[in-house]
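Listed below are the residues making up each chain.
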Amino acid sequence: MPIDPYGFHTDHAEAPPKTSPAAQAIAGISAFVWLAASIVCCGMCTGIMNFSDPKPDDSWMDQVGVWLILTAAAWPLAAIAVWTGLLHGLARRWWTSVGPNVVLGSLSGCLAWVVVFFLWVVAVVVAES
């Protein structure tokens, strides 16, 4: 049974917090900018890879590993975009789009990149042995 701020019990469900259109616009624009920055970073890294001449002894696995290293900055950017949407969807407060999303996204994006990179290293070592 929900309790109102004055301590009385009520049979009515708690109303979701009211949000202004500006708060939703902040979250939408923020998520769009972070995701666009991630896509641009991946595109630039792919473009850089096109200008380098592959060595004859480099396999596709080596090239993907180099691409993973180059796109390390894009992973936190994409995670920030995801956390922006999640936090705003859960809390519906404007401040979730300008602080906690950056902290949680940076940490989880870096962690995700490290896990994927080490799994890739393990896969390359297993494939070469």
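Our subject is the structure that appears above.
Quick summary incoming for the structure in this document. (Residues numbered from 1 in each chain as written. Predicted model: local features only at pLDDT ≥ 70, side-chain atom pairs only at ≥ 80, totals over all residues. Heavy atoms only, no water.)

## Some details on helix 4 (residues 100–128)
Here helix 4 is 29 residues long and its end C-alpha atoms lie 42 Å apart, about the 42 Å a rise of 1.5 Å per residue gives. Among all positions in helix 4, only Asn101, Gly105, Gly109, Trp113, Phe117, Trp120 and Val124 are buried. Here the buried face of helix 4 lies against helix 1 (21–51), helix 2 (60–70) and helix 3 (74–91). (Helix = DSSP H or I, 4+ residues; strand = E, 2+ residues; numbered from the N terminus. Expected span 1.5 Å × (residues − 1). Buried < 20%, exposed > 50% of the residue type's maximum accessible area, 1.4 Å probe, protein only. Contact = heavy atoms within 4.5 Å.)

## Observations regarding the side chain of Thr71
Tracing the sequence through the fold places Thr71 in the loop between helix 2 and helix 3. Side-chain polar atoms of Thr71 contact the backbone oxygen of Leu68, separated by 3.3 Å. Apart from the residues lying within four places of it in its own chain, the contact partners of Thr71 are Cys42 and Cys45. (Polar contact = N/O pair within 3.5 Å; in protein donor to acceptor, adjacent residues only side chain to side chain.)

## Some words on the packing of helix 3 against helix 4
Contact geometry of helix 3 with helix 4 gives a least axis separation of 7 Å together with a crossing angle of 135°. Between helix 3 and helix 4, the interaxial angle falls into the category oblique. For the pair helix 3 and helix 4, the sense of crossing is right-handed. Contacts between helix 3 and helix 4 involve Trp75, Pro76, Ala79, Ile80, Trp83, Thr84 and Leu87 from the former and Pro100, Asn101, Val102, Leu104, Gly105, Ser106, Ser108, Gly109, Cys110, Ala112, Trp113 and Val116 from the latter. Partitioned by chemical class, the residues of the contact of helix 3 with helix 4 number 13 nonpolar, 6 polar and no charged. (Axes fitted to C-alpha atoms, helices over the stretch in contact; angles between N-to-C directions. Parallel < 35°, antiparallel > 145°, perpendicular 65-115°, else oblique. Left-handed = near helix turned anticlockwise from the far one by under 90°. Nonpolar A, V, L, I, M, F, W, Y, C, P; charged D, E, K, R; others polar.)

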